[in-house]
Amino acid sequence: MIVACVCLLFSACGSGDDSTANPATTSPSAADVIFTDATSAAGIIFEHNNGRSGKKYLPETLGSGCAFLDYNNDDWPDIFLVNSKPWDPNPEEKVTSKLYRNNQDGTFTDVTAEAGLEIEMYALGVAAGDYDNDGHQDLYVTALEGDRLFRNGGKG
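Student: Sorry if this is basic, but what is going on with a nonpolar patch on the surface here?
Tutor: Together, Y131, Y140 and L149 make up a nonpolar patch on the protein surface, roughly 310 Å² of accessible area in all. Looking at the element boundaries, L149 is found in strand β7 (residues 148-150).

This is how it looks when you write it as structure tokens:
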């Protein structure tokens, strides 16, 4: 997916007609750039939940975060998408953040449950880093009920 984005970016950086034009300084016109929603085709099925109270509480207006990290050390960026839970919990609706493993072919697989991240919380942001210096990227998620540190044990 990243390769496709980079290819799209580079293909939009010039018309190709002028061999003397420097792509780094040539701005594409609006007609040269085409964006396509490839989310579903990439296997990313995610809808952000902001709490939906209808009262416009401050956290509902903040949006959410995401992290691009290599949680399984395969040298391909995986995606963690932060989500919030409803203010009024509904036992039939389980809302969690999502971790998507990069399949190295432009698609992703939801590995949230197997990674132990299928936890309901009103999450707001995330930081990825190897806090314990074991070679595996860990996640620090900020949340209203209390921030959480998820240690990556290296087993996915």
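Student: How should I be thinking about the pairing of strand β3 (residues 98-102) in this particular structure?
Tutor: The side chains of a regular strand alternate between both faces of the sheet. Along β3, 4 of the 5 residues are buried, which leaves the element largely enclosed by surrounding structure. Bridge count for β3 against strand β4 (residues 108-110) is 3 bridges, and the pairing is antiparallel. Paired with N102 across the bridge in β4 is F108. Between the antiparallel neighbours β3 and β4 lie 5 residues, among them Q104 with a positive phi of about 65 degrees.

Student: Before we go on, may I ask you to explain the packing of aromatic side chains in this structure?
Tutor: Aromatic ring pairs are described here by two measures, namely the spacing of the ring centres and the angle between the planes. Inspection of every chain in the model, using the stated rule, returns 2 aromatic pairs. Ring centres 5.0 Å apart and planes at 70 degrees place the aromatic pair Y57 and W87 in the edge-to-face group. Here Y57, found in the loop between α1 (2-11) and α2 (58-61), pairs with W87, found in the loop between β2 (78-81) and β3; they are 30 residues apart in sequence, far enough to count as distant. Note on W87: relative accessible area 29%, which makes it partly exposed.

Cut-offs and rules
Residues numbered from 1 in each chain as written. Predicted model: local features only at pLDDT ≥ 70, side-chain atom pairs only at ≥ 80, totals over all residues. Heavy atoms only, no water. Patch = residues over 30% accessible without salt bridge, like charges linked within 9 Å, V, L, I, M, F, W, Y side chains within 5 Å. Areas by Shrake-Rupley, 256 points an atom, 1.4 Å probe, with all protein chains shown as cover. Salt bridge = Lys/Arg side-chain N within 4 Å of Asp/Glu carboxyl O. Helix = DSSP H or I, 4+ residues; strand = E, 2+ residues; numbered from the N terminus. Buried < 20%, exposed > 50% of the residue type's maximum accessible area, 1.4 Å probe, protein only. Pairing = 2+ DSSP bridges. Phe/Tyr/Trp six-rings, centres within 6.5 Å; stacked < 30°, edge-to-face > 60°.

The analysis is restricted to geometry; functional conclusions fall outside its scope.
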